[in-house]
Amino acid sequence: MAGYGIDSIGSSYAYDPYFMYAYNSPSFMANQTPAASPAAQTNTQTEQSNYVTTPYNTESSSNAGLIAGGLLIAGGAATLIYASKRGNGKGIKEGFKNIWKGITGKADDILNKTSKPKEKLIKITMGADGKPVYQLPNKTQTITNADEITNAVEKFQLKRLSGLGKNVQPKIESATFDFQGNTITLNNGKITAMQNKDRKSILEQFTENGHLKNMENGTVEDKKFVNELKEFIEKLQQCDKEILQKHKDYNLSDITYWTQYGPYKAKVHRNQITKAQDTQIQELIIPKQLDKDSDEVLSFVRTQREAGHNIDTIIGKDLLEKRKLPAGCDYSMSFTLPNGNTPIKVIDGKPVGITIDKHYYDVKTDKFKAYLEKHGKEINEMITEQLKNGKIPDGAEIYIF
């Protein structure tokens, strides 16, 4: 079935908000594709994540053009016929209003729609050479070579993984620290050394197989010490802010920790918490990068089909040869819109963020809103140009769920 761009449908409908809400909605498109898979309907439960799949514009029709660059997928004539039927004799426009109401109940609800966490989705990245790269759930590769880690960090923009800051989930695995006059070494979650203030080992007295004893037969002081140390270690491993802020009081050093951002994980080492320049990623776990003919991709597609979830279109000719979005799947697409020194992030046809002087500003910031106010018309035209004829832009990321 041929893909239809906005121009082929007609501007009177393309710039009507209800039309674009319904036409761009993954839920709607999944229901309109003749070969829609059961996955399109069964995998619609919403789980909390940071990835909003459909941040559509709910503003007045004067801004509806920003929506017009939305997902353009095969559907065309069948879509219009279905809309006409849903119009109950009042035309296609009314049909799309009814479709939209049936999907969400009210337009604002779409802003709150979320999908599964990214690490649970199928991800397809369209390369500049036109060849898609696939990432499948639970298919990862581990990198330990220093040069390969450096290359991967640059390629996937993973510098934030080495930090202990916002949007990263850290866990300290190893460290040396002072506690109540004693020096203690934690290695891979186990206590491997304990020295008192006289530099004498007290490891056997308080630990067994790397873990603190329950001290049932110990003194009151020993029990208190062990309980307080256990609580301290648990907080340390979870990167308790108070402990990290008072790291000098504990002489915290030689720290190894794991961080995670989406599906990416890193094992990182620092000599001192504050010495970011000494930070070294020792191990990097990333989603395995697969091509269409890999055993993993072919096996995954077959397994899904046998389970009643037909996703054959993710390796079909429309995607591979025509660069068309995969029909019969519920998905979201994001890409970066080239814009000189201020590239714009676009999700499902709507601008959601902008990078200015290497700093990213999302939809909630004054900087982004001001830029959109000044250049909204031009941005809309660029998005429409990128998505014309329903083709996938270079570098676009498609999440299948």
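Here's a quick rundown of the structure. (Residues numbered from 1 in each chain as written. Predicted model: local features only at pLDDT ≥ 70, side-chain atom pairs only at ≥ 80, totals over all residues. Heavy atoms only, no water.)

Some details on the pairing of strand 9 (residues 253–261)
The two faces of the sheet receive side chains in turn, since in a regular strand these alternate between them.
Next up, step 1: Pairing of strand 4 (residues 171–179) with strand 9 involves four bridges; the strand directions are antiparallel. Its bridge partner being in strand 9, Ser 174 is matched across the sheet by Thr 256.
Next up, step 2: Bridging between strand 9 and strand 10 (residues 264–270) involves seven bridges; their strand directions are antiparallel. Bridge pairing links Thr 259 to Ala 266 in strand 10.
Next up, step 3: Between strand 9 and strand 10, which pair antiparallel and follow one another directly, the connecting turn spans two residues, one of which, Gly 262, has a positive phi of 60°. (Pairing = 2+ DSSP bridges. Helix = DSSP H or I, 4+ residues; strand = E, 2+ residues; numbered from the N terminus.)

With respect to the side chain of Ser 253
Next up, step 1: You can see Ser 253 is positioned in strand 9.
Next up, step 2: Residues contacting Ser 253, with those up to four places away along its chain left out, are Ala 175, Thr 176, Asn 271 and Gln 272. (Contact = heavy atoms within 4.5 Å.)

So, the side chain of Glu 173
Next up, step 1: Along the chain, Glu 173 turns up in strand 4.
Next up, step 2: Setting aside anything within four residues of it in sequence, one finds Glu 173 in contact with Leu 186, Asn 187, Asn 188, Gly 189, Thr 256, Tyr 257, Trp 258 and Lys 267.

A look at the pattern of salt bridges
Next up, step 1: Evaluation of the coordinates by the stated rule reveals 11 salt bridges.
Next up, step 2: For the salt bridge of Lys 235 with Glu 231, the shortest nitrogen-to-oxygen distance reads 3.5 Å. Note that Lys 235 and Glu 231 are positioned in helix 10 (residues 220–237) at a spacing of four residues, about one turn of the helix.
Next up, step 3: For Lys 235, a relative accessible area of 38% corresponds to the partly exposed category. (Salt bridge = Lys/Arg side-chain N within 4 Å of Asp/Glu carboxyl O. Buried < 20%, exposed > 50% of the residue type's maximum accessible area, 1.4 Å probe, protein only.)

A short note on helix 8 (residues 146–155)
Next up, step 1: Every buried residue belonging to helix 8 is among Ile 149, Ala 152 and Val 153, and all of these are buried. All buried residues of helix 8 lie within an arc of 100° about the axis, which places them on one face of the element. For helix 8, the exposed residues lying more than 90 degrees away from the buried face are Asp 147, Thr 150, Asn 151, Glu 154 and Lys 155.
Next up, step 2: Each element contacted by the buried residues of helix 8 is listed here: strand 3 (140–143) and strand 11 (280–287).
Next up, step 3: Measuring from the backbone nitrogen of Asp 147 back to the side-chain oxygen at the start of helix 8 gives 3.0 Å, which picks out Asn 145 as the cap. (Arc of directions from axis to C-beta. Polar contact = N/O pair within 3.5 Å; in protein donor to acceptor, adjacent residues only side chain to side chain.)

Considering the sheet that holds strand 10
Next up, step 1: One open sheet accounts for seven strands, arranged 3-11-10-9-4-5-6; its pairing is antiparallel. Edge positions in the open sheet fall to strand 3 and strand 6 (190–195), since each of these has one partner strand only. Taken pair by pair, the neighbouring strands of this sheet meet at an average axis angle of 15°, ignoring direction.
Next up, step 2: Two strands pair when backbone bridges link them, and strand 10 and strand 11 are joined in this way by five bridges, in the antiparallel orientation. When the bridges of strand 11 are listed, Ala 266 appears paired with Leu 284.
Next up, step 3: The strands touched by helix 10 are strand 4, strand 5 (182–187) and strand 6; relative to strand 4, the strand with the most contacts, the crossing angle is about 140°. (Axes fitted to C-alpha atoms, helices over the stretch in contact; angles between N-to-C directions.)

Spatial relationships are all this shows, so hold off on functional conclusions.
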